[in-house]
Amino acid sequence: MPAKILLLEDDRLFGETLVDFLENEGYEVVHCRESKEAIERTYAQRFDLYLLDVNVPDMNGFELLKLLRESGDDTAAIYITSARDKEALAEGFGSGADDYMKKPIDLDELILRIEAQLRRLQHPGRVEVGEFLFDMERLVLYRGEEPVPLPKKVAELLGLFLRNRGEVVGTDEILREIHGEDSSGTGALRVYITRLKQLFGKDAIVNIRGIGYCFEA
């Protein structure tokens, strides 16, 4: 059966373009132009993915998803928005988003992101990180279906970062997590950070000098 996508987009032309594109890719799409209609649709049927614009009439996409999450709805959600500031990004993930795309979007990239979220339905314990999936329970990183060798401490650090994705984690907390009561492993921590940057890019981890690190991949 084709995956069902609820699209919230108040721009009629852009919304119709997305519907045509997604249906051509084999998805079943319900297009709503207002949040109230989207809420009614979610009560009427189950979707595999929400594709949500932010600036829509009557209730913005952030408020809509927060409401759905509070009601126990854990359907994967991707925001599509013209907002570009970090505050909007933080609000988006804070409301329960799984991913975030800035307009104008690349349709081929959209498909890749949708497919990544749908794969998570098959592996609910795995978190997407770029082209990788990380199994939070087993602490195993995958590229496709192939495991990527990681030292145990690096995998533990990645798990900690993903549990606190987009938030600053203090250096002391990191050291306690991966070294127990021995908080003297600052040099080793830098090695672990370097290994993760090799995998996810040099900008994936931001060093907040004197405080800790923020994982932004």
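Residue indices follow the written sequence of each chain, beginning from 1 at its first position. The predicted origin of the model limits local features to residues at a pLDDT of at least 70 and limits the giving and counting of side-chain atom pairs to 80 or more, whereas totals for whole chains, interfaces and linings rest on all residues. Where side-chain values are given, they derive from all heavy atoms of the structure, hydrogens and water being excluded.

Peer 1: Can you help me understand the environment of Leu 65 in this one?
Peer 2: Note on conventions: DSSP H or I runs of at least 4 residues are helices, E runs of at least 2 residues are strands, and numbering of each starts at the N terminus. Take Leu 65: it is sitting in helix H3 (residues 61-70). Each C-alpha atom, one on Leu 65 and one on Ser 95, is 6.2 Å from the other, the two residues being 30 residues apart in sequence. Ignoring anything within four residues of it in the chain, the contact list for Leu 65 reads Tyr 50, Leu 52, Ala 77, Tyr 79, Ser 95, Gly 96 and Ala 97. Only heavy atoms matter for contacts: two residues are in contact if any of them lie within 4.5 Å across the pair.

Peer 1: Explanation requested: the packing of aromatic side chains in the structure shown.
Peer 2: Each aromatic ring pair is characterised by the separation of its centres together with the angle its planes make. Classification of ring pairs rests on two measures: the distance between centres of Phe, Tyr or Trp rings, Trp counted by its six-membered ring, which must be within 6.5 Å, and the angle between planes, read as stacked under 30 degrees, edge-to-face over 60 and tilted in between. Counted by the stated rule, this structure contains six aromatic pairs. Where Phe 132 meets Phe 200, the ring centres are 5.3 Å apart and the plane angle is 90 degrees; that geometry is what we call edge-to-face. Taken together, the residues Phe 132 in strand S7 (residues 132-135) and Phe 200 in helix H8 (residues 186-200) connect sequence positions 68 residues apart. Look at Phe 200 and you get buried, because its relative accessible area is 15%. Throughout this description, buried means an accessible area under 20% of the type-specific maximum (1.4 Å probe, protein chains only), exposed means over 50%, and partly exposed covers the range between.

Peer 1: Can you walk me through the side chain of Thr 81 in this structure?
Peer 2: As for its placement among the helices and strands, Thr 81 is situated in strand S4 (residues 76-81). Residue Thr 81 is classed as buried on the basis of its relative accessible area, which comes to 0%. The residues contacting Thr 81, other than those within four sequence positions of it, are Asp 53, Val 54, Tyr 100, Met 101, Lys 102 and Lys 103.

Peer 1: When you look at unusual backbone geometry in this model, what are you seeing that I'm missing?
Peer 2: Excluding glycine, residues mostly have negative phi values, and the peptide bonds linking residues are mostly trans. The amide bond that connects Lys 103 to the next residue, Pro 104, takes the cis arrangement and shows omega of -5 degrees. Topologically, Pro 104 is positioned in the loop between strand S5 (99-102) and helix H5 (107-122). Phi is positive for Asp 58, which is not a glycine, with a value near 75 degrees. Relative to the elements of secondary structure, Asp 58 occurs in the loop between strand S3 (49-53) and H3.

Peer 1: For this particular structure, what's the right way to read the pairing of strand S11 (residues 205-208)?
Peer 2: A regular strand carries its side chains on alternate faces of the sheet. Two strands qualify as a pair provided DSSP detects at least 2 bridges between them. Here four bridges tie S11 to strand S12 (residues 212-215), and the two strands are oriented antiparallel to one another. Considered in S12, the bridge of Ile 208 is made with Gly 212. In sequence, S11 turns back onto S12 through a hairpin of three residues, with Gly 210 there showing a positive phi of about 80 degrees.

Peer 1: Help me understand the sheet that holds S3 in this model?
Peer 2: Two pairing modes exist for strands in a sheet, parallel and antiparallel, and in both the strands are linked by backbone hydrogen bonds. If you trace the five strands from one edge of the open sheet to the other, you get S2-S1-S3-S4-S5, paired in parallel fashion. Of all strands in the sheet, those bounded by a partner on one side alone are strand S2 (28-32) and S5. Direction aside, neighbouring strands of the sheet carry axes that sit 20 degrees apart on average. Pairing of S3 with S4 involves five bridges; the strand directions are parallel. Considered in S4, the bridge of Asp 53 is made with Ile 80. Note on geometry: axes are C-alpha line fits, over the in-contact stretch for helices, and angles between N-to-C directions span 0 to 180 degrees.

Peer 1: Mind showing me how you'd approach the environment of Val 168 here?
Peer 2: Counting through the fold element by element, Val 168 comes out in strand S10 (residues 168-170). Considering only alpha carbons, one finds Val 168 and Glu 216, 48 residues apart in sequence, at a separation of 9.7 Å. When neighbours within four sequence positions are excluded, Val 168 is seen to be in contact with Ile 208, Ile 211, Gly 212, Tyr 213 and Cys 214.

Don't take any of this as a statement about function, it's just geometry.
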